[in-house]
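# Overview (structure and organization)
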Amino acid sequence: MGRLKRSVLRVALWLVACGALAGPVPIRIGVQAALTGGSSPMGVSMRNGIQLAAEEINASGGLLGRPLQLVERDDAGSPQQGVRAAEELVRLGRVVAVVGLVNSGVALASQPVYQAARLPVMIAVATVPELTRRYAGSTRNYMFRVAAADDLQAPLIVREALSAGYRRLAIFSDTTDYGREGAEGLVRALGQQGLRPVYQARFSLGERDMTGALAAARSTGAEAILTYAIGPELAAVANDADRLDWKVPLIGSWTLSMSNFIDNAGPNAEGARMVQSFLQETHTPRGQAFVQAYLGRYHVRRIPSPVSAAQGYDAVLLLAAAIRQAGSTAPTAVVAALENLRQPVEGAITTYLRPFTSGDHEAIELSVPTIGRIEHGRIVPARMH
């Protein structure tokens, strides 16, 4: 090789090393999700929705002239692993914001890491109310949510049960922060109607024998079971009720729509009702476009958790709108923009009009959720009573 060619090659390699020939520096967005374990239908669906949004943004030119790059970490639904994932994203990920957080207990353990690092976080699945309110008195609260908080869901669950004519209600919940907060919300909502649960059961993750608790609930004359748990344990409730030949209705939080409840409970899942921010059987053009994009991109016929997927998708769109409005990825500028979004953001779930303020970091309002019903293995809009 001649001296001139070697000189040109050295200069080219130096320019690549300096980034001069590598194109715009990506905007790195952290994604923390339960991609394995019992919560994985939620985590994978959410992650896929996030990926779809990022791909659409990149296909239209990116943000601020730069592409989005996702940096993913699996927390497996474990609070301890969640803290490690958060620390990795903060220390090594070089991310400007985070989208994700599936399990409420994991989110509660992880969020102090993000708040201390002053990273904007778009919570796309976890529903414990404290998540957006823990730092509400701080100079700057970096936690935002695109999901129906438990104190919004619980009254809707109770209202659905009462509208069906049920008054003697049992509560079945798991022992996680999610289950605990949800059960407490159901008790409060019942109390506002002058009622108390006739029976309460709490069970650990992994519990598969619900016969004792179900027999006790039936002995109290319970007419329906209100639930706050995730798919595998909910399937055990439905299947053991069938073994006891007890045709008891299940009405609960949005997790009754998880694929690992529907698939594991099979015919015993039929008729279960749950709060939903999004249905795969949506009739809105924007929602239908999202569903078709998801099914085509991931080669499936059913989204494992449509709620999680749509909330992840919309969370990225809202974050992108804030970065675009701020003209910067600086955390304080992004937070300020999120709290005062000037342009509507058309998402899969709804069109967001100033969804956040400095005092309210919840995007999903009471007017958004609906009640879904399992029919032939699909979630369809429930008929009104």
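Just above, that's the structure.
Attention here is on the structure that accompanies the text.

Conventions we followed
Residues numbered from 1 in each chain as written. Predicted model: local features only at pLDDT ≥ 70, side-chain atom pairs only at ≥ 80, totals over all residues. Heavy atoms only, no water. Pairing = 2+ DSSP bridges. Helix = DSSP H or I, 4+ residues; strand = E, 2+ residues; numbered from the N terminus. Axes fitted to C-alpha atoms, helices over the stretch in contact; angles between N-to-C directions. Contact = heavy atoms within 4.5 Å. Polar contact = N/O pair within 3.5 Å; in protein donor to acceptor, adjacent residues only side chain to side chain. 1 Å grid on protein atoms, 1.4 Å probe; cavity = no way out; pocket = protein on both sides within 12 Å on 5 of 7 lines; lining within 4 Å. Points joined across faces, edges and corners; volume = space filled by probe spheres on them.

Now for the sheet that holds strand 6 (residues 169–174). Spatial strand order, 7-6-8-9-10-13-14: 7 strands in an open sheet with mixed pairing. Here the strands that pair on one side only, and so sit at the sheet edges, are strand 7 (199–203) and strand 14 (378–381). The mean angle between the axes of side-by-side strands here comes to 30°, regardless of whether they run parallel or antiparallel. One ladder, built from 3 bridges, connects strand 8 (residues 224–228) with strand 9 (residues 250–252); its direction is parallel. The residue of strand 9 that forms the bridge with Thr227 is Gly252. Sheet strands in contact with helix 7 (residues 177–192) are strand 6, strand 7 and strand 8, and its direction is about 160° off that of strand 6.

On to the environment of Glu375, then. With respect to the element layout, Glu375 can be found in strand 13 (residues 370–375). For the pair formed by Glu375 and Ala269, sequence separation is 106 residues and the distance between their alpha carbons is 8.5 Å. Within the structure, Glu375 has its side chain in polar contact with the side chain of Arg373 (distance 3.2 Å).

Okay, the layout of surface pockets next. In this structure, the largest pocket encloses a volume near 340 Å³. Looking at the lining of the largest pocket element by element, the count peaks at 3 residues for helix 9 (residues 231–243).

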